[in-house]
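The chain contents come next:
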Amino acid sequence: MRIIFSILLLGLCVTSCSAHKSTISSSKARKNNKSIQKRNSSAIAAHHASTSLEYIERFKAIAIQEMNTYGIPASITLAQGLFESGSGNSDLAVVANNHFGIKCGSTWTGESYYKNDDNVNDCFRVYANPEESFRDHSEFLKKKNYARLFELDKNDYRGWAYGLKAAGYATNPKYPQLLLNIIDKYDLSQYDRPEGEVQKIKREDRVLAQINDQIGKPQADSITKISPEIKSYTIKQGDTLYSIAKRFGITVDELKAINNIADNSIRIGQKLVVAR
């Protein structure tokens with residue numbers, strides 16, 4: 001039975017990957033692709049064209065999981081997957097399990113699949129399963145140019161939609177509205193979850209530290225132990241007694257009492273005891 005796969009034509013490019021031009025010849029690209037197709041022949045033959053609702057039902061759980069881990073709204077992840085993979089029916093999604101159109105880039109060491117996109121024989125990442133593609137999508141966004149997006153509330157899908165375009169994820173000027181239209185059409189915001197201030201601060205610190213590590217500039221932990229029972233915190237720009245107290249689950253009065261602070265004056269670089 002001959003299966004014809006729909007190929008989603010996107011007017012966008014994924015940052016950091018499009019700049020990496022493929023130097024492979026067309027004959028080698030075809031040979032490589034045939035090898036990938038042969039290896040995945042069982043999954044390809046078993047594929048049936050999924051509807052958007054079926055796609056959402058299948059992948060909503062991992063989208064929520066990635067949201068809780070990194071802070072990327074589940075609605076954004078699902079909308080991007082729907083849009084860029086044609087609800088999982090594009091050639092790239094079916095053959096290479098690549099649901100977000102992420103290209104190889106200079107750091108990719110896994111298998112590749114070649115397609116004409118911004119350039120002839122552009123190199124795209126191949127995954128063992130769609131779930132790997134969803135996880136790599138989150139990892140891909142942990143880059144310096146997307147860092148400020150992780151400071152948004154994890155249910156701020158509008159901020160993410162416009163922020164992705166501003167950070168260079170897509171070249172299509174209508175990309176934010178395309179995502180928002182999909183989110184509204186399928187009520188994807190129902191999968192987004194708010195978070196408390198303390199949880200948000202902890203998530204931001206963790207993800208931004210990972211981003212800093214990846215660019216070779218690890219961020220020193222601002223929390224240090226004075227003794228096994230006592231922790232201190234070094235004040236940074238933008239901190240207030242209220243934000244510090246909320247972060248460590250104590251009241252402002254308790255924080256002031258521990259540190260013998262008479263008023264609300266604090267300074268950058270000052271160390272405060274935050275737990276005994």
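Just so it is clear, the model here is predicted, and its values are computed rather than measured. (Residues numbered from 1 in each chain as written. Predicted model: local features only at pLDDT ≥ 70, side-chain atom pairs only at ≥ 80, totals over all residues. Heavy atoms only, no water.)

Draft legend 1. Inspection of the state of the cysteines at higher detail. Taken as a whole and assessed by the stated rule, the structure comprises 1 disulfide. Disulfide pairing is shown between Cys104 and Cys123; the S-S distance is 2.0 Å. Disulfide Cys104 to Cys123: torsion about the S-S bond roughly -70 degrees, handedness left-handed. Taken together, the residues span a long stretch of sequence, with Cys104 in the loop between helix H5 (91–96) and strand S1 (112–115) and Cys123 in strand S2 (residues 122–125) at a distance of 19 residues. Take Cys104: its relative accessible area is 3%, and that puts it in the buried class. A relative accessible area of 12% means that Cys123 is categorised as buried. (Disulfide = S-S within 2.5 Å. Helix = DSSP H or I, 4+ residues; strand = E, 2+ residues; numbered from the N terminus. Buried < 20%, exposed > 50% of the residue type's maximum accessible area, 1.4 Å probe, protein only.)

Draft legend 2. The arrangement of the confidence of the model for the protein in detail. The predicted model of the protein has a mean per-residue pLDDT of 84, with 85% of residues at 70 or higher. Counting contacts from residues 15–21, a segment whose pLDDT is below 50, to residues more than four positions away or on other chains yields 21 contacts. The model gives residues 217–229 a pLDDT under 50, and that stretch makes 26 contacts with residues more than four places away or in other chains. (pLDDT = per-residue confidence, 0-100. Contact = heavy atoms within 4.5 Å.)

Draft legend 3. Representation of the pairing of S1. Here S1 shows no split at all, with Ser112 and Tyr114 on one side and Tyr113 and Lys115 on the other all buried. Note that S1 and S2 share 4 bridges and pair antiparallel. From the neighbouring strand, Lys115 faces S2, where its bridge partner is Asp122. Counted along the chain from S1 to the antiparallel partner S2, the turn is 6 residues long, and its residue Asn121 has a positive phi close to 55 degrees. (Pairing = 2+ DSSP bridges.)

Draft legend 4. Fine view of the packing of helix H3 (residues 52–70) against helix H4 (residues 74–85). One way to put it is that H3 packs onto H4 with a least axis distance of 8 Å and a crossing angle of 140 degrees. On the basis of their axis angle, the class for H3 and H4 is oblique. The element H3 and its partner H4 pack so that their crossing is right-handed. Of the residues in H4, those in contact with Ser52, Tyr55, Ile56, Phe59, Lys60, Ala63, Ile64 and Met67 of H3 are Ala74, Thr77, Leu78, Gly81, Leu82 and Ser85. Residues that form the contact of H3 with H4 fall into these classes: 9 nonpolar, 4 polar and 1 charged. (Axes fitted to C-alpha atoms, helices over the stretch in contact; angles between N-to-C directions. Parallel < 35°, antiparallel > 145°, perpendicular 65-115°, else oblique. Left-handed = near helix turned anticlockwise from the far one by under 90°. Nonpolar A, V, L, I, M, F, W, Y, C, P; charged D, E, K, R; others polar.)

Draft legend 5. Fine view of helix H6 (residues 130–141). Taking 1.5 Å of rise per residue, 12 residues should cover 16 Å, and H6 covers 17 Å from first to last C-alpha, within 8% of that figure. Every buried residue belonging to H6 is among Pro130, Ser133, Phe134, Asp136, His137, Ser138, Phe140 and Leu141, and all of these are buried. Here the buried face of H6 lies against H3, H4, S2 and helix H7 (157–166). Put simply, Asn129 is the residue that caps the front of H6, since its side-chain oxygen is 3.2 Å from the backbone nitrogen of Glu131. (Expected span 1.5 Å × (residues − 1). Polar contact = N/O pair within 3.5 Å; in protein donor to acceptor, adjacent residues only side chain to side chain.)

Draft legend 6. Molecular detail of the nonpolar core. Membership of the largest hydrophobic core comes to 41 residues, with the highest contact counts inside it found for Ile76, Leu141, Tyr146, Phe150, Leu164, Tyr169 and Leu188. Broken down by secondary-structure element, the contributors of at least two residues to this core are H3, H4, H6, H7, helix H8 (175–185) and helix H9 (197–214). Considering each element in turn, this core owes the most residues, 7 residues, to H3. Setting aside its immediate chain neighbours within four residues, Phe150 contacts Tyr70, Ile72, Leu141, Lys142, Trp160, Arg203, Glu204, Val207 and Ile211. Core analysis: the next-biggest nonpolar cluster, separate from the first, contains 10 residues, Tyr233, Leu241, Ala245 and Ile250 among them. (Core = buried A, V, L, I, M, F, W, Y, C linked by side-chain atoms within 4.5 Å.)

Draft legend 7. Region of the structure containing the layout of surface pockets. Empty space within the largest pocket amounts to approximately 360 Å³. Residue lining of the largest pocket: 17 residues in total, with His47, Arg58, Phe59, Gly88 and Pro130 positioned closest to the centre. Secondary structure elements with two or more residues in the lining of the largest pocket: H3 and H5. It is H3 that provides the largest number of residues to the lining of the largest pocket, a total of 4 residues. Residue classes in the lining of the largest pocket are distributed as 7 nonpolar, 8 polar and 2 charged. (1 Å grid on protein atoms, 1.4 Å probe; cavity = no way out; pocket = protein on both sides within 12 Å on 5 of 7 lines; lining within 4 Å. Points joined across faces, edges and corners; volume = space filled by probe spheres on them.)

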